[in-house]
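If you want the building blocks of each chain, they are given just below.
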Amino acid sequence: MGKFLGENLGKAFAAQFQRWNINLIIPIPLHHLKKAERGFNQSDYIAKGISASSGITLSTKAVKRFRFTQSQTTMTLKEREENIEGAF
């Protein structure tokens, strides 16, 4: 489903991506414990779909996560900034 969503996003935003001059897509990595719990990283699949439909290069090695962070679904912007500080 993530790849399908990414492909559709890539098609829908193709013109915008051109204007932004994007040359690399980097999915945000999950901490290994979160990935083991979930079984997959949805940002990987979405990024693969965008890359496939837009032709923009994908790199899954450009960013490394160094520490576990709490879910940010209920956090304010300030709390989110503090939560990810030093995580990558």
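Residues numbered from 1 in each chain as written. Predicted model: local features only at pLDDT ≥ 70, side-chain atom pairs only at ≥ 80, totals over all residues. Heavy atoms only, no water.

Looking at a positive patch on the surface
And step 1. Taken together, the side chains of Lys3, Lys35, Lys48 and Lys61 present a region of like positive charge at the surface.
And step 2. With respect to the helices and strands, Lys35 occurs in helix 3 (residues 32-38). (Patch = residues over 30% accessible without salt bridge, like charges linked within 9 Å, V, L, I, M, F, W, Y side chains within 5 Å. Areas by Shrake-Rupley, 256 points an atom, 1.4 Å probe, with all protein chains shown as cover. Salt bridge = Lys/Arg side-chain N within 4 Å of Asp/Glu carboxyl O. Lys, Arg positive; Asp, Glu negative; His and termini not counted. Charge placed at Lys NZ, Arg CZ, Asp CG, Glu CD. Helix = DSSP H or I, 4+ residues; strand = E, 2+ residues; numbered from the N terminus.)

Quick notes on a nonpolar patch on the surface
And step 1. Together, Ile28, Ile84 and Phe88 make up an exposed nonpolar region whose accessible area comes to about 240 Å².
And step 2. Its location among the elements puts Ile28 in the loop between helix 2 (14-20) and helix 3.
And step 3. Overall, the relative accessible area of 46% leaves Ile28 in the partly exposed class. (Buried < 20%, exposed > 50% of the residue type's maximum accessible area, 1.4 Å probe, protein only.)

Some details on the pattern of salt bridges
And step 1. All chains considered together, the criterion is met by one salt bridge.
And step 2. Its salt-bridge partner being Lys78, residue Glu82 comes within 3.7 Å of it at the nearest N-O pair. Taken together, the residues span about one helical turn, with Glu82 and Lys78 both in helix 5 (residues 77-84) at a distance of four residues.
And step 3. Among the residues examined, Lys78 registers a relative accessible area of 53% and is labelled exposed.

Digging into the packing of aromatic side chains
And step 1. The final tally for this structure, using the stated rule, is three aromatic pairs.
And step 2. Grouping aromatic residues by their ring pairs yields a cluster made of Phe13, Phe17 and Trp20.
And step 3. The positively charged end of Lys48 is found above the aromatic ring belonging to Tyr45, 5.4 Å away from the centroid. (Phe/Tyr/Trp six-rings, centres within 6.5 Å; stacked < 30°, edge-to-face > 60°. Lys NZ or Arg CZ within 6 Å of the ring centre and 35° of its normal.)

Overview of helix 4 (residues 42-54)
And step 1. The terminal C-alpha atoms of helix 4 lie 18 Å apart, and with 13 residues this matches the ideal 18 Å at 1.5 Å per residue to within 8%.
And step 2. All of the buried residues along helix 4 are Asp44, Ala47, Gly49, Ile50 and Ser51.
And step 3. On its buried side, helix 4 packs onto helix 1 (2-12), helix 2 and helix 3.
And step 4. Backbone geometry just downstream of helix 4 places Gly55 in the positive-phi region, at approximately 80°. (Expected span 1.5 Å × (residues − 1). Contact = heavy atoms within 4.5 Å.)

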